[in-house]
Amino acid sequence: AQSVSQHNHHVILSEAASLELGCNYSYGGTVNLFWYVQYPGQHLQLLLKYFSGDPLVKGIKGFEAEFIKSKFSFNLRKPSVQWSDTAEYFCAVIGAAGNKLTFGGGTRVLVKP
Amino acid sequence: DVKVTQSSRYLVKRTGEKVFLECVQDMDHENMFWYRQDPGLGLRLIYFSYDVKMKEKGDIPEGYSVSREKKERFSLILESASTNQTSMYLCASSRTGWGTEAFFGQGTRLTVV
């Protein structure tokens, strides 16, 4: 069965600090990988996704993620965070064999002004 | 804009009641999903559907059922609500195919008393 593990439950940063959120997945075949974000009081929305090609993926709002197949990882990064990046971030995977979209436990990020 | 609409933002029900959560999407997506979101546990898949009248169990189907009579509508049913079903429920839809993303509704916060 596929699964997703996010290493940090809570992260607290100051503005302009760099952010890296870890994500590891478990699945034996080809995958699509996603990072979603949920700002306070809003619905989940897509930050970025990987499905093929360049393993370094750029998303909205200056976020990027790197797919490392050998490590089953898809870590999210942002070089310099802003207060408006305060949100909960979710990593998700869907395997090529099916339609089931599986999420990790989420990481709450608080950026202090 | 893709729209996934959940019928209620907040719902309070009594233990033992039958509860219906409704979700409608307007983008002709084949796949629809129901998740529950709990702090520290992320999003856990309850059921999903890849076509009208088709459904598959997710990771935590116990105590729930679903109905998909029309392509745009996916209902989650709690046959006899219990207090441990107090949660945020999220509906999502996606198109079948490689690299497609899921779109989410605003969520229904259900409290069972």
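The text that follows walks through the structure, step by step, so that each part is easy to find. All chains use their own residue numbering, which begins from 1 and follows the written sequence. Numbering of ligands from 1 and lettering of chains from A proceed in the order in which they are written. It should be noted that, the model being predicted, local features are given only for residues of pLDDT at least 70 and side-chain atom pairs only at 80 or more, the latter also being counted only at that level, while totals for whole chains, interfaces and linings use all residues. Excluding hydrogens and water, the side-chain values take into account all heavy atoms of the structure.

Right, let's get into the overall build of chain A. When helices and strands are counted, chain A shows zero helices and twelve strands. Its helices and strands in sequence order give chain A the pattern β-β-β-β-β-β-β-β-β-β-β-β, from N to C terminus. For chain A, whose C-alpha radius of gyration is 14 Å, the value lies close to the compact-globule estimate of 13 Å for 113 residues. Over its C-alpha atoms, taken along the principal directions, chain A stretches across nearly 45 × 25 × 20 Å. Relative accessible area decides the class of each residue, using a 1.4 Å probe on protein chains only: under 20% of the type maximum gives buried, over 50% gives exposed, and in between gives partly exposed. Within chain A, buried positions represent 49% of all 113 residues. Contact between two residues is taken to exist if any of their heavy atoms lie within 4.5 Å; hydrogens are not considered. Look at the contacts in chain A between residues 6 or more apart in sequence, and 55% of them connect residues 24 or more apart. Numbering of helices and strands starts at the N terminus; helices are DSSP runs of H or I of at least 4 residues and strands are runs of E of at least 2. Each radius of gyration reported is based on C-alpha atoms, and the globular scaling rule is 2.2 Å times the count of residues to the power 0.38.

Within this document, salt bridges are pairs made up of a side-chain nitrogen of Lys or Arg and a carboxyl oxygen of Asp or Glu, the two lying within 4 Å of each other. Tallied over the entire structure, the rule returns eleven salt bridges over all chains. Where A:Lys78 meets A:Asp85, a salt bridge forms, and the shortest distance between an N and an O atom there is 2.9 Å. A:Asp85 matches A:Lys78 in its accessibility class, with the two residues each being buried. Here B:Glu69 makes a salt bridge to B:Lys53, at a shortest N to O gap of 2.4 Å. Taken together, the residues B:Glu69 in strand β7 (residues 64-70) and B:Lys53 in the loop between β5 (42-51) and β6 (54-57) connect sequence positions 16 residues apart. B:Lys53 matches B:Glu69 in its accessibility class, with the two residues each being exposed.

So, on to the pairing of β6(B). Residues and elements named next belong to chain B. A pair of strands is labelled paired if DSSP reports no fewer than 2 bridges between them. In the sheet, β5 pairs with β6 via three bridges, with the strands oriented antiparallel. When the bridges of β6 are listed, Tyr-47 appears paired with Lys-57. The loop that links β5 with its antiparallel partner β6 comprises two residues; one of these, Lys-53, has a positive phi angle of about 65°.

Here we take up the nonpolar core. With 28 residues, the main nonpolar core has A:Trp35, A:Leu48, A:Leu76 and A:Tyr89 as its most contacted residues. Other than its neighbours up to four places away in sequence, A:Tyr89 contacts A:Gln6, A:Leu21, A:Trp35, A:Tyr36, A:Val37, A:Leu47, A:Phe63, A:Leu76, A:Gly106, A:Thr107 and A:Val109. Residues enter a nonpolar core if they are buried and are Ala, Val, Leu, Ile, Met, Phe, Trp, Tyr or Cys, with the set joined through side-chain atoms within 4.5 Å. In this structure, B:Met32, B:Tyr64, B:Val66 and B:Phe74 belong to the second largest nonpolar core, which totals 20 residues.

A separate point is the interface of chain A and chain B. Across the boundary between the two partners, chain A contributes 25 residues, which contact 23 residues of chain B. Inspection of the chain A/chain B interface yields one salt bridge. Here A:Lys100 and B:Asp59 are joined by a salt bridge, their closest N and O atoms 2.8 Å apart. Within 3.5 Å is the distance limit for a polar contact, defined as a pair of N or O atoms, with the added protein rule that one can donate a hydrogen and the other accept it, and that residues adjacent in sequence qualify only through two side-chain atoms. Taken together, the links from chain A to chain B amount to six residue pairs in polar contact (both at pLDDT 80 or more). Broken down by secondary-structure element, the contributors of at least two residues to the side of chain A that touches chain B are β5 (31-38), β6 (45-50), β10 (87-95) and β11 (101-103) of chain A.

Now for the packing of aromatic side chains. Note on ring pairs: Phe, Tyr and Trp rings are taken, using the six-membered ring of Trp, and paired if centres are within 6.5 Å. Classes follow the plane angle, with under 30 degrees stacked, over 60 edge-to-face and the rest tilted. With the rule as written, the count across this model stands at 14 aromatic pairs over all chains. Where A:Tyr36 meets A:Phe103, the ring centres are 5.7 Å apart and the plane angle is 50°; that geometry is what we call tilted. Here the residue A:Tyr36 occupies a position in strand β5, and A:Phe103 occupies one in strand β11, the gap between them amounting to 67 residues. Neither residue differs from the other here; A:Tyr36 and A:Phe103 are each classed as buried. Linked through ring pairs, A:Phe34, A:Tyr36, A:Phe90, A:Phe103, B:Phe33, B:Tyr35, B:Phe48 and B:Phe104 together constitute an aromatic cluster.

With that settled, the discussion passes to the sheet that holds strand β3 (residues 19-25) of chain B. Residue and element names in this part refer to chain B. If you walk across this open sheet you meet the four strands as β1-β3-β8-β7, and the pairing is antiparallel. This sheet does not close on itself; its edge strands, each paired only once, are β1 (4-6) and β7. With direction set aside, neighbouring strand axes in the sheet form an average angle of 20°. Pairing between β3 and strand β8 (residues 73-78): six bridges, direction antiparallel. Pairing of Cys-23 across the sheet is with Phe-74, part of β8. All axes are obtained by fitting lines to C-alpha atoms, using only the stretch in contact for helices, and the reported angles, taken between N-to-C directions, cover 0 to 180 degrees.

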